[in-house]
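Below are the chains, spelled out letter by letter.
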Amino acid sequence: MDAFCSDCKRQTEVVFDHSAGDTVCSECGLVLESHSIDETSEWRTFANESGDNDPVRVGGPTNPLLADGGLTTVISKPNGTSGDFLSSSLGRWQNRGSNPDRGLIVAFKTIATMADRLGLVATIKDRANEIYKRVEDQKSSRGRNQDALLAACLYIACRQEDKPRTVKEICSVANGATKKEIGRAKEYIVKQLGLETGQSVEMGTIHAGDFMRRFCSNLGMTNQTVKAAQESVKKSEEFDIRRSPISIAAAVIYIITQLSDEKKPLRDISVATGVAEGTIRNSYKDLYPHLPKIIPAWYAKEEDLKSLQSP
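None of these values were measured; they are calculated from a predicted model.

> I'm lost on the overall build of the protein chain in this one. Help?
Scanning the protein chain from N- to C-terminus turns up 13 helices and four strands. Excluding contacts between residues fewer than 6 apart, the proportion of contacts in the protein chain whose partners are at least 24 apart in sequence is 58%. Of the accessible surface of the protein chain, which amounts to about 19300 Å², a share of 49% is contributed by carbon and sulfur atoms.

> In this structure, what is going on with helix 7 (residues 209-219)? I would like to understand it.
Turn by turn, an α-helix covers 3.6 residues, leaving residues three or four places apart pointing in a common direction. Every buried residue of helix 7 is accounted for by Phe211, Met212, Arg214, Phe215, Cys216 and Leu219. Tucked inside the fold, the buried residues of helix 7 contact helix 5 (167-171), helix 8 (223-236), helix 9 (245-258) and helix 10 (266-273). Downstream of helix 7 by one or two residues, Gly220 has phi in the positive range, about 65 degrees.

> I would appreciate a short explanation of the side chain of Lys133 in the present structure.
Along the polypeptide, Lys133 turns up in helix 3 (residues 122-137). Given a relative accessible area of 18%, Lys133 falls into the buried group. If sequence neighbours within four positions are ignored, Lys133 has contacts with Leu65 and Leu104.

> Hey, could you run me through the side chain of Lys186 in this one?
Along the polypeptide, Lys186 turns up in helix 6 (residues 179-197). Of the polar contacts made by the side chain of Lys186, one reaches the side chain of Glu187; its length is 3.4 Å. Not counting residues within four places of it along the chain, the set of residues in contact with Lys186 comprises Ala152, Tyr155, Ile156 and Met203.

What counts as what
- Residues numbered from 1 in each chain as written.
- Predicted model: local features only at pLDDT ≥ 70, side-chain atom pairs only at ≥ 80, totals over all residues.
- Heavy atoms only, no water.
- Helix = DSSP H or I, 4+ residues; strand = E, 2+ residues; numbered from the N terminus.
- Contact = heavy atoms within 4.5 Å.
- Areas by Shrake-Rupley, 256 points an atom, 1.4 Å probe, with all protein chains shown as cover.
- Buried < 20%, exposed > 50% of the residue type's maximum accessible area, 1.4 Å probe, protein only.
- Polar contact = N/O pair within 3.5 Å; in protein donor to acceptor, adjacent residues only side chain to side chain.

Below, the structure is given as C-alpha cells:
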C-alpha cells in the first residue's frame, strides 16, 4: 500500500501497525496516521465452551427510549456441571429483579415485526416507538387493547413520515386487532399527545398519489400504465371530488386499466386496494365527467374515453 509522505515529499510504501493503529512510512519512519480504527471483520470467537462458533460478542444498538439505553446484561447458563448452581442462583435473582423497560421492549419488538411485514423503513419504526413511549409515559393506557394501540402508533408514524398506509393494511399485521379498534386507539393517541404538547398533533395530509405506486405494483401493472395512473390521480386533485384519496386512487386505476390492453376486473382492484367494489363504482361516477381533463392525452384520446362504460 502506498501513500504520500510529507517528509519524503513523494508516494512511498507504508506499513500498518495493527497493535498501535499507526500507519508508518517504510522509508523514513514518519507516522502518517495514528490510532486508526480497523473496520475489517474480527473473526475471533467469544462463545462459551459449548462449541458454538457464533462470532457475535456485542448486544444490539443503544436505544435512548429505554431507561438503561438497552444495555442490559443477561446471565446465561454455562454448560459445565460445576457452574449449574451458580448459574441457576444468579438467573433466579435476575428474574426477580424488576425491569422497568420490560413492557417497552416487548412493545418495540411487536412494532418492529409489524413494520417488517409491511416493508416499512427504520425511520417509521423509530417514530412509532417514540409515539408509543410518549403515550406510555402518561400512564393512562392501562386496560386498552395493546395490539390496537401499537398498530395505531404505526399508522400515525406512517402518516407523519409521509409514507401513509391504509388502516386495512395496518390491520392485516395487527395481531387480530380490528379496524374499529385501531381507529379508536388512533383517536385516543392523538388526544393524549395533544394534551401532552398543548396543541393538535400534525398527522400529515394524505394524497391519492401516496398509494398509487404500491397499488399498481400489487396488480402487476406495466410502467406505462403506472405512469398514466400517477399523472391522472395528480390531475384529479384539481377538481372538487369529495371522496377519500384511497377511493380515488382505486377508481383511477380501474379507469386506466380499462383503457389499456391489460384490463383488470373490478374485483381484483378491490382486493389490491382494500376498497369495496361499490365504493370504486361511486368514485368512478364522480370522476367520469372530468375524464377528458384527467386522463393524459398521450395515453388515451377523447374518442377512446367514449368507449368507457357510462356510470
